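Secondary and tertiary structure notes
Now for the letters of each chain:
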Amino acid sequence: MLRVDDLTVDYGLIRAVNGVSFEVAQGAIVSLVGSNGAGKTTTMKALSGLVPRAGGAVRFAGAPLDGVTPDGRVARGLAHVPEGRRVFPRMTVRENLLLGAYLRGRDPGVVEDLDRVCEMFPILAARRQQLAGTLSGGEQQMLAIARALMSRPKLLLMDEPSMGLAPQMVDLILEKIVEIRASGATVLLVEQNAVEAIRLSDVVYVLRLGAVIHRSAGRDMDESLLKALYLGHDI
Ligand code: ATP
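An account of the accompanying structure is given in this report.

Cut-offs and rules
Residues numbered from 1 in each chain as written. Predicted model: local features only at pLDDT ≥ 70, side-chain atom pairs only at ≥ 80, totals over all residues. Heavy atoms only, no water. Pairing = 2+ DSSP bridges. Helix = DSSP H or I, 4+ residues; strand = E, 2+ residues; numbered from the N terminus. Axes fitted to C-alpha atoms, helices over the stretch in contact; angles between N-to-C directions. Near = heavy atom within 4 Å. Polar contact = N/O pair within 3.5 Å; in protein donor to acceptor, adjacent residues only side chain to side chain. Areas by Shrake-Rupley, 256 points an atom, 1.4 Å probe, with all protein chains shown as cover. Nonpolar A, V, L, I, M, F, W, Y, C, P; charged D, E, K, R; others polar. Buried < 20%, exposed > 50% of the residue type's maximum accessible area, 1.4 Å probe, protein only. Contact = heavy atoms within 4.5 Å.

With respect to the sheet that holds strand β8 (residues 186-191)
- Spatial ordering of the open sheet is given by β6-β7-β8-β3-β9-β10, a layout of 6 strands whose pairing is mixed. Strands with a single pairing partner mark the edges of an open sheet, and in this sheet they are β6 (78-81) and β10 (211-217). In this sheet, neighbouring strand axes are inclined to one another by 15 degrees on average, regardless of whether the strands run parallel or antiparallel.
- Where strand β7 (residues 155-159) lies against β8, 5 bridges are found, and the strand directions are parallel.

Details of the site of the ligand
- The ligand sits among 14 residues. The nearest are Asn-36, Gly-37, Lys-40, Thr-41 and Thr-42.
- Between an oxygen atom of the ligand and a main-chain N or O atom of Gly-37, the distance comes to 2.8 Å.
- Surface burial for the ligand is 63%, taken as the share of its 630 Å² of free accessible area covered by protein chains.
- If you list the elements that add at least two residues to the shell around the ligand, you get β2 (14-24) and α1 (40-48).
- Looking at the shell around the ligand element by element, the count peaks at 3 residues for α1.
- Across the shell around the ligand, the residue classes tally to 4 nonpolar, 7 polar and 3 charged.

As for unusual backbone geometry
- For Ala-61, which is not a glycine, the phi torsion comes out positive at approximately 50 degrees.
- Mapped onto the secondary structure, Ala-61 falls in the loop between β4 (55-60) and β5 (63-64).
- Residue classification places Ala-61 among the partly exposed positions, given a relative accessible area of 45%.
- Here Arg-152, not a glycine, exhibits a phi torsion of approximately 55 degrees, which is positive.
- Inspection of the secondary structure assignment puts Arg-152 in the loop between α6 (137-149) and β7.

Observations concerning the sheet that holds β5
- Spatial strand order, β2-β1-β4-β5: 4 strands in an open sheet with antiparallel pairing. What marks the edges here is a single partner per strand, and that holds for β2 and β5.
- Where strand β1 (residues 2-11) and β2 come together, 8 bridges link them in antiparallel fashion. What sits directly across from Arg-3, in β2, is Glu-23.
- Contacting β1, β2 and β4, α1 runs over the sheet at an angle of about 110 degrees to β1.

Scope: geometric values only; no functional claims are made or implied.
Printed below as a string of structure tokens:
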């Protein structure tokens, strides 16, 4: 579904991503983990076209993404749930959700999908007319995920969906990720506090200083191995 080869991204003189390669198979949940500043968010932004690539290649659903705009990527089935949620606080929950489907124009399936995501996140159904800015952090995260689902993505990029949430809410979000995969989408997840995310991932890539330093099946990764990798020990 997604193949990233030797990706590099620069912010001026800073090389934030330095030759990252990884693959995401269709129907998988894949996690990129690593400590602060490892390059996870920048990798996600490069995939959705929000920052330019300095080098390397990205293929999605069988075609290169060279020159494809962020909107064009959404239209091809790549949706991004950004770090920090970024819902539109002065718009209602419903309006936020509809914005997720804006590229679909008057597609009658949009109304069906609105019902579908509200079924998946009943709290959003109850708060349809409420301003998004008045939701709790966990509810805003659900809204950000649901908004991305409104574009009917083949691949959902999720950047630290559990950030700043209470443990119970983290569990709920992780449950939803498994549900999203069961509904047919593929998921690429970025997490810093990664133990729970790793448990539900098929494959985990560990990043440090802008490069992949380790790849393993989620079931083969445990907390002590992860800690050692974060701290920079060779395995
Ligand atoms: P975090 O979990 O803190 O978001 P991360 O693994 O996602 O960390 P990135 O945010 O991708 O890491 O940052 C990678 C590197 O790029 C870091 O050295 C960071 O300081 C730098 N960086 C990130 N954004 C910018 C920016 N807009 N301008 C300059 N440097 C940046």
